[in-house]
Each structure stands twice: as C-alpha cells, then as structure tokens.
Amino acid sequence: ALADIAGQGAALEESLSVLQRRDLVRETARLPERRYAFKHALTHDAAYDSLLLSRRRHLHHMAAEALRRRTPDEAAEIARHYLEARQSAAALPFLVRAGQQAAAAYATPEAISFFARALENEQHGDTAAVRAAYEGLAALQSIGAEPQAALDTYQRMLAAAEARGDLPMTISALNKMGSLLALTMGQFEQAEQYLGRAEQLAAGDTDPEGYAELSIVRCQMCTAQADFDSVVRYMDGVVTSSIKS
C-alpha cells in the first residue's frame, strides 16, 4: 500500500532503509506484506503535523483506496482513512463492515462503537448501509440486555426510513420494534401497534421479505399465547412470502 501511495519504486526502499538505520521507523511484519511503524509516537506526530491539511487528506484518501485494492477485509483501517480524508460517504459502509466483523468476533464494545460512528455520518450514506448500522447496533443492545436502548435505536431507524421514503427499511423497523416489545419486553398490546402498521404496508407483493419477517414475529407471539391456529396461518404467510421473494 505504501508503494501505491508513494510510487517511488527503488527510491522508496532506500528511503525506508535510511529511516530504519536512523532508528525512526521499524519493520513490524514481513508477511503477507511488509509493514512499518514509527518507533516513537512523537516522531509520528511531528511528521504528521508537518503536512498541510490538504496534503494529509489526499494521502489518507490514497491510503484508503490502496487498502481497498490490497486488503479489502481491513474495514476498520479503510474507514479510518476515509474519515481522515473527510469522505464520510465512502467511510460509512466500511464502518458498518467493521462493526459486523467485530460482532462476529464477539468484540461487542468495539462493534457498538463502529455502528454508532457509522450513524454519526448517516446523512452521507446510502440507505442499505444506514439500515445495516441501525439493525446491527440495536441487535447488540438487545443481546446485551438493553431492550429500551434497542427500542430507541429502532425508533431512530424508523424516523430515518420515513425521512428517506424507504418502505422496506420502514417495515423492518416496525417489525423489529414489535418483536422486541412483545417477545423481550412482554408488551403485546404496544407491539400490535407497530405490527399492524407493518402488515398494512407489507400486504400483497409490496415487500415479501418484510411480510415474511412479520409473519415469523406473529408466529412467535401466537405460540407464546398458545394460539396455534394463528401459528399455522402465519406460517403459510412465511412460505408464500418466501416464494415471492
């Protein structure tokens, strides 16, 4: 990645050797590719502060682009460089991916931080990334025994979906609020307010995926209430919606 940014070929190798001999940088890894780091934080800060702001942003942009080509799984680093380059729209999907990677590794605090940072920049992002950030954050809050925090996040997701005029995201938020209220918080009547609206919006072929999710939530609620006739009816809805989608 450094070669992609500097583009100096043999001159870059010589420059790195000089910096190592002067004990300013050190090699931190050789495989899968060589990596270098400043030996002292003060040296890093001095070098960084000597750059004009416009130059810094340009270099961060080039670093992000190089990492995207070479190591696309390094989502957190790519996002960091895009943010330093003041390119929030480009950073947002990588913040979401970094959150998903951290969640998969059970690094919950880090995952929450990434999702929250993504939502700080949601006005710059596409709907799919914004939706994934809301759903990722609320899911972790729910798992972490913070149902009210998760409900608040889904409320924000609903407001964002309505502001964007995105029907699938709206239905998803309503479904998830209904599920959380009924199955986690035991508030079946309040859940019905959201699920009833979701059912109206998702009826027919409007949003088969959203209707399938709604039907699953209703099945779970009916099972909890021993209403097995309704369970069968909503299971039919799941099957039908799955075929349509």
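Placed above this text is the structure.
Residues numbered from 1 in each chain as written. Predicted model: local features only at pLDDT ≥ 70, side-chain atom pairs only at ≥ 80, totals over all residues. Heavy atoms only, no water.

A. Structural context of the side chain of Thr153. Assignment of secondary structure puts Thr153 in helix 9 (residues 147–164). Look past the residues within four positions of Thr153 in its chain and what remains in contact with it is Tyr134, Leu137, Ala138 and Gln141. (Helix = DSSP H or I, 4+ residues; strand = E, 2+ residues; numbered from the N terminus. Contact = heavy atoms within 4.5 Å.)

B. The nonpolar core, seen in detail. Residues Phe115, Tyr134, Met169 and Met177 are the most contacted members of the largest nonpolar core, which totals 48 residues. Considering every element that reaches this core, the biggest residue donor is helix 10 (residues 167–184), with eight residues. The residues touching Tyr134, leaving out its near neighbours within four places in the chain, are Leu119, Glu122, Thr153, Arg156, Met157, Ala160 and Met169. (Core = buried A, V, L, I, M, F, W, Y, C linked by side-chain atoms within 4.5 Å. Buried < 20%, exposed > 50% of the residue type's maximum accessible area, 1.4 Å probe, protein only.)

C. The arrangement of unusual backbone geometry in detail. Phi at Arg86 takes a positive value of approximately 65°, unusual for a residue other than glycine. Of note, Arg86 is situated in the loop between helix 5 (75–84) and helix 6 (88–104). Within the chain, Ala145 stands out as a residue other than glycine whose phi angle is a positive 60°. Its location among the elements puts Ala145 in the loop between helix 8 (127–143) and helix 9.

D. Layout of helix 8. For helix 8, which comprises 17 residues, the first-to-last C-alpha distance of 24 Å matches the rise-based estimate of 24 Å (1.5 Å per residue) to within 8%. Of all the residues in helix 8, the buried ones are Ala129, Val130, Ala133, Tyr134, Glu135, Gly136, Leu137, Ala138, Leu140 and Gln141. Buried positions along helix 8 lie against helix 6, helix 7 (108–120), helix 9 and helix 10. The backbone nitrogen of Ala128 has a side-chain oxygen 3.1 Å away, supplied by the residue at the start of helix 8, namely Asp126. The positive-phi residue at the C-terminal boundary of helix 8 is Ala145, with phi of around 60°. (Expected span 1.5 Å × (residues − 1). Polar contact = N/O pair within 3.5 Å; in protein donor to acceptor, adjacent residues only side chain to side chain.)

E. Quick peek at the pattern of salt bridges. Scanning the entire structure with this criterion turns up nine salt bridges. One salt bridge connects Glu77 with Arg80, and the closest N-O pair in it is separated by 3.0 Å. Residue Glu77 and its partner Arg80 are located together in helix 5, separated by three residues, close to a single helical turn. Owing to a relative accessible area of 32%, Glu77 belongs among the partly exposed residues under this scheme. Looking at Arg80, the relative accessible area reads 37%, which means it is partly exposed. A salt bridge links Lys176 to Glu135, with the nearest nitrogen and oxygen atoms 3.5 Å apart. Taken together, the residues Lys176 in helix 10 and Glu135 in helix 8 connect sequence positions 41 residues apart. (Salt bridge = Lys/Arg side-chain N within 4 Å of Asp/Glu carboxyl O.)

These figures capture arrangement, not role.
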